[in-house]
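Chain and residue survey
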Amino acid sequence: MALTHSMTCIRLLAFQTVHVASAAYGDSIEAEIALWRHAFPFVAKTTDSKEYTSAMLQSLVEFMDRLSVAEESKEADNNKFHSFCVDFLLNEMVTKRGAYPGTIADKEGFNLSLLGCILSFVTQDQSFSVDKATAKHGITFTRRRSASEKSTMLVVLKALFHREVFGSLFSLLFSIWDNTRAAASRCLANLVVAAQLYDMPLPEEFSSEKARDALRARGVFLASSPRQREADTGARILSFLYCSLNDADQRLEYLHDLTKLLKSRLLSMRDQLQAILIGENELPLKTAGDLPLAHGVIQAIALALEHRKLDMLHGTCHAGAIWSDLYNELLGIMSEAIQVSLAVVADLREGETVEGVDGQLKAGNSTKESTSVPLNVNTGAIGANGTFSSVTSTDEDEIIGRLAVQRIVIGSWLLTKETCAAISTLFTLDGYRAPCSAFEKVGALLISTLITLKHAGAAFAARDSLQDVAAVCLAAEDDKDLQRLPKVWSDRLVEEISMSDKVRDSTLRRSTGYALGFLAIMRSEIASKRASNPICVGVLDKLLTFSLPPEDRINHTLEQMDLRGIQSASDPLFSLNSGQKRPLVRDEKYEARCRVHALNVIRLIILDSPLASVVTPIVGDAIVSAILGYNDVAWAVRNSATMVFSAAMLRVVDADKNASNTDSTSNNAITITELFRRYPPLASFLPFAMKSCLKDISGIGAADSQIFPILLLLSRMQPIPNSGERADTLAQPFIPLIMDCLHSRHHGIRAAGARALANVCPDHRNLVQRLNRLLSDSLVHPKINWNKVDGILLSFEAIALMCNSQEFPAIEFSLWCVLPLDAAAVPPPSCMTTSIRTLSIIASNTKNSVVGGSALSSSLMGACKRIFSSSGFQGLIGGSELYATVTAVFIRLFRPNIWAAKSLAGFQNALRQMMDLFTSSIFDVRLAAAKAFKKGMPTDVDELLRCSEKTEGLGSPAPILVLSALAKMLLKSLCVELERKEGSGSHAPTVRRLSRCFLECFHGYTALATQDDHGGSISPFLDAHGVDLLWSSAHLIAEEDAALELIDECNGETFAASNAVEMMAVVIANRNQTSDGPSFHKVLAEFTHVVQRLNNPQASWRSRHSAALAVEKSAIFSLPHCETEATDHLRHEMVQEVLGMLQDSDPDVRATAARAAHQLGSSATVAPSQLPEVILQDTYLNASSIKGGQESGSSFDQLCMSLFSNCNGLLETIKTFQEETNKSSGVSLPETSLLNATRSRKIFEKEEPNPYNEKLLSNQLAVRSLLDIKTEAILDLDSIKKLSQTCSTCLDSILRNANAGGMAHEMTRFPSIFPSLHSVMLVGAVAIYLGSKNGDHDQKATAWAILDKVKDQRESCIHPEILSCIETIACAEASSPQTQEAILKSCFLLKA
């Protein structure tokens, strides 16, 4: 069981130690083989990390090495290694179970890694591993093998070149997952290199001239698609054709052909775009819909060039000098490709030009060439998630128009993206250096792309390309012209954001385009390891200059700060270039947008880890610049300054991202001594800036926005006592200034000032005394300054949070002075809130209280009760926060009266008080009470369970009574909330929290009931009336949620119906306790409906988990069978839901569903803790009939409906596939007319919401169950009739297209067809086996015709599993054991 345990750590440990366990048997290696064969097929379907795959395959490699050694030493029979590797790993695990067309993502990734692992092992070459982490370096890859071992390895290596291995890899090239396609392509390339190294032939179906022509035509057609995945598939097919050529001249010729095709495509694309531009704003839709696209061909060329690195690593192919001419030609074509794409998607203002564009497209009827007019297309209307395409329309012209616009824009975006990636590949080829003019041209185009393009993916591709190109330039030590180009490009970027005639709003948010350009150049300089990094220093210097206010304004600011002389070299304002006076932007040249861009770029540079070495020294300058931007009149400047300050805080001051959630400084925060040592100007600038911000230092005071970031910085540093000897001196100038901030009229300034004061003050005792005097003076003043009082109270709170316990008595006394509600002047709610919070902190340290911990808690609870019992604070500013605070504090202090009650009377009194809170007429009190009580409830319940034995017989209420009584109170409170009519009715979050608290009580009760041997009966928990009340509450919650859409779930929130369905499960599990409630059938019907609604792959995982948990707790499969057929049907519907949950994308849902499915009955060797697939296969047969083996009409009805649902749409998919493949099948070369311009499919197609759901596995399990039911009544079902008709149609289609177009055009190998097609074929065979007379003769005749057409299976391109099904249909007979055996054999995913 450990080998298939659901916990990763246990499963891995079991595989790592399996050889130890198998040693207990006489033939340990034979036992180990049996264990691997049994368990390994199940480990591939997991959602674990790459580390899991790596560790699992490492264990496999070690076992294969042991097996090889054992066979060599005659400890194992001959051919055991070959049988295990070829028959099991390759034929069964990879080609059959793992990498079949249409498999799920987890199996795709695992089996590609497995294939790379096998190749690496047999060749002892780690570089062939797909993910580079399949197996660690060690003795396995360095051990010298004997001659017989090497011979065996060559046999296994030859098996890797079987056509079905290649066929599986080609099927994976059509995967919807980018990583799968890339990994499959790498695996194919590795196999080709291995074949060339070991002089082994590739499969004829992929290497013959006819097959290569078919693959090439299919690849070109797919590469022309506007759908990125299809284009990627086509590009990878074309790159395979390149790398599978053995001769360098053949490869050169092939690349020349692709280059000609690319030139032709670009020319046609440019001409059609030109026609659109000249069309006087009228879009010729039919022409645009057939627009040739070139991005796939460019990607294919890039992948082919990238393969050279693998060739050079293994020495399999070398390029001669003649290739340089091709590379130069490609550079010119790629430059033109970027220009063509920018003509469509560059975001330009009227009259603006794109630098680097030669001006090949004309606008309007003008005969002049123009570089300034892009297509009149709103690129922002094309949503990356398909929002635009999801809007339905019935107008055919509008549909065509949409597809045309999408094709133009998306094709241009992808052309830019792939061209940038190809340029990077081309410029970084070893042994090739482009002309300097090419570098200049490409650099200018890449920068233009970055600053004018809205497509983020293309922008990042341009960034990566520019970085690689700049790195090549800087590495060219023998060419000074090349080395100067990165400096030229950085100067251009500086001009783009600084010159008034060029500066513009960024096309991407936060000036990302400009920032990516700077980052690319600066990163390349850091990577080149130049001594002084002149480009980086120069860029940072200019950016800092542009991030400042204009000269007159900054001089005025410095004058206000009394820092007029700080710009001198002896006392600089900035650290960078401190020996020089910083030049400032003159007022007449100042541009706010320039400053915004500079600040945004500085922010991204600060956050960029590769630039840390050059950026860290100037972070202090960035802080100064950001603070100066806080009071700018332009919101954009203030916003960007805030983000720069935030980045600086994260990088230098305190790297704790969650610091604001804890109000405490992390241990890694910087000290004030270190901060001012690194950035000396801050020691002068910060206090002077604070002085200038405080309008009236001695009086009431107000502060502008610059004061807040300074206070925040001071509060996030290490406390002064932890900051070294000089810290006191450095902090002293700030203390009086912070004290003045406590008077501010802005609450945020007061709060930040209080935290800063507690942080920078070295002597808290003197500080508390001073604050006490200030508080006393303020409270006796005729006109109380409540802002000042609030600031002092906030300071007390900050000091208390720092755990200066010796100051608690003095603080506590002052706090009580603010709280009397009967005083003449009642304090504002904010002051009372702060006092309550601080007293709560002190109460948590009971030994430090003046009156003792229990007395303080009692007094504090009394104060809280007086406040939340009064409605006088409603409507006041801060009233809501006050109610929430006092309620939360009260509940925290009051918890022991419930969970650790000393007497039954005290416990009952505590419940009444809690219910008063949950049903309070004050909304904020109810909300806070439910929130605070729920927050700690799981811990309280666990503690109650842990201490249940110790509390018996001590006079306190029994734990089981505590949970029962508490649940009743919560249920009553929930009913009150649900029946609330005022306002907008019941409050959903409060309903959710109360119902969850009730469920926690129930789960705790059931655990106790099991311990106490009460049999889990609910009778002491809820009486009959309580059960009915529970049902009505759950019904009402579910009814209110039913109107909501699942897409409304956001940020991980769940529906209240998630709790409602668990409440319903409680009722169902104890249905005998109901009185006059609804019938059991009605209860079960609603329960089933809610479970089905929540078990939606698009819903939150929490909702699906609740549905699975509800099914488990309801024990619906363990209840006695009901006589009514309708109820029996509902239970079978629930069975299908649970079986579906076993293939949910969330592991928690699967684990819970496994426990629920275990109630259906399973073999003794299967436990609920095993992998869901093990449980699914083991329990599916039991699930087909809950009545203990009796046949059920509902059972096969559900099975047939499941099959029909999973196979729905197959014929339409086949039709679309054949329409597309007919365009490339049998096409003569060249392929200039191969345009993927189909309009039958959207460009943005729907995604599978549950990628973990393996429909073919479910279908095969259903087929196996249908064989066991053995009833002819199934043949009368409409679903079976439709599936049989579909089977006949599919057979006819296979007969027409068998062996037409080779492997690339074979529909039985297409991922979106194979799973449904295989299932339909199985159903056709099952129908004949069960005695169907409806068209079985025609099906069998068609099947025989197919077999006659493909007599020699080696020449057949039909997938072998489909061919096996066809043979089964052809030979099928009613009630024949041989037919049944053949059908079961065709269910290749099921264990034997």
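Scroll up a little and you will see the structure.
Heads up: these notes are all about the structure in this document. (Residues numbered from 1 in each chain as written. Predicted model: local features only at pLDDT ≥ 70, side-chain atom pairs only at ≥ 80, totals over all residues. Heavy atoms only, no water.)

Considerations on the packing of helix α16 (residues 295-314) against helix α19 (residues 396-427)
Going by this rule: The axes used here are C-alpha line fits, helices contributing only the stretch in contact, and every angle between their N-to-C directions lies in the interval 0 to 180 degrees. Only runs of H or I of at least four residues qualify as helices and only runs of E of at least two qualify as strands under DSSP, and these elements are numbered from the N terminus. What sets the label is the angle itself: under 35 degrees gives roughly parallel, over 145 gives roughly antiparallel, 65 to 115 gives roughly perpendicular, and the rest give oblique. When the near helix sits turned anticlockwise from the far one by under a right angle, the crossing is termed left-handed; a clockwise turn instead gives a right-handed crossing. By the convention used here, residues are in contact when the closest approach between their heavy atoms is within 4.5 Å. Each residue is assigned to one class: nonpolar for Ala, Val, Leu, Ile, Met, Phe, Trp, Tyr, Cys and Pro, charged for Asp, Glu, Lys and Arg, and polar for all the others, Gly among them.
Axis separation between α16 and α19 bottoms out at 8 Å; the angle between their running directions is 20°. Our classification of the angle between α16 and α19 gives roughly parallel. Remark: the crossing between α16 and α19 carries left-handed chirality. Between α16 and α19, the contacting residues are His295, Ile298, Gln299, Ala302, Leu305 and Glu306 on the first element and Gly411, Leu414, Leu415, Glu418, Thr419, Ala422, Thr425 and Leu426 on the second. Taken together, the residues of the contact of α16 with α19 break down into seven nonpolar, five polar and two charged.

With respect to unusual backbone geometry
Not every positive phi belongs to a glycine, and Ala1115 is a case in point at roughly 55°. For Ala1115, the location among the structural elements is in the loop between α53 (1101-1114) and α54 (1125-1141).

Some thoughts on the packing of helix α34 (residues 707-716) against helix α36 (residues 734-741)
At their nearest, the axes of α34 and α36 sit 12 Å apart, and the two run at 125° to each other. When the interaxial angle is binned, α34 and α36 end up oblique. Taken as a pair, α34 and α36 cross one another with a handedness that is left-handed. Residue-level inspection shows Ile707, Leu711 and Leu714 of α34 in contact with α36, the latter providing Phe734, Ile738 and Cys741.

Focus: helix α39 (residues 786-801)
Going by this rule: By this rule the span expected of a helix is its residue count minus one, scaled by 1.5 Å. A 1.4 Å probe rolled over the protein chains alone gives each residue an accessible area, and that area as a share of the maximum for its type sets the label: buried under 20%, exposed over 50%, partly exposed in between.
The terminal C-alpha atoms of α39 lie 22 Å apart, and with 16 residues this matches the ideal 22 Å at 1.5 Å per residue to within 8%. With 13 of its 16 residues buried, α39 lies for the most part within the structure.

Topic: the nonpolar core
Rules: Throughout, nonpolar core names a set of buried Ala, Val, Leu, Ile, Met, Phe, Trp, Tyr and Cys residues whose side chains join them through atoms within 4.5 Å.
Membership of the largest hydrophobic core comes to 445 residues, with the highest contact counts inside it found for Phe40, Phe84, Phe933 and Leu970. In terms of residues, this core owes the most to one element, helix α17 (residues 323-345), which gives 13 residues. The contacts of Phe84, once residues within four sequence positions are left out, are Ile33, Trp36, Arg37, Leu60, Phe63, Met64, Leu67 and Leu89.

Observations regarding empty space enclosed by the protein
Formally: A pocket here means an open set of points on a 1 Å grid, computed over the protein atoms alone, that has protein on both sides within 12 Å along at least five of seven lines. A cavity is instead a set of points where a 1.4 Å probe fits but cannot get out; residues with an atom within 4 Å of a point line either one. Grid points are joined across faces, edges and corners, and a volume is the space filled by probe spheres set on the points.
Inspection of the entire model under this criterion finds nine cavities of 30 Å³ or more. Estimated volume of the second largest cavity: approximately 120 Å³. In terms of residue class, the lining of the second largest cavity is made up of eight nonpolar, two polar and two charged.

Brief notes about helix α6 (residues 105-123)
Given a rise of 1.5 Å per residue, 19 residues ought to cover 27 Å, and the 27 Å separating the end C-alpha atoms of α6 matches this to within 8%. Among the 19 residues of α6, 16 are classified as buried, and the element is accordingly described as predominantly covered. Two residues or fewer after α6 comes Gln124, characterised by a positive phi angle close to 55°.

Here we look at the environment of Val61
Locating Val61 in the fold gives a position in helix α4 (residues 50-72). Among the residues examined, Val61 registers a relative accessible area of 1% and is labelled buried. For the pair formed by Val61 and Ser120, sequence separation is 59 residues and the distance between their alpha carbons is 9.5 Å.

What to know about the side chain of Ser640
Note that Ser640 resides in helix α30 (residues 635-653). Filtering out sequence-adjacent residues up to four positions away, Ser640 remains in contact with Val596, Leu599 and Asn600.

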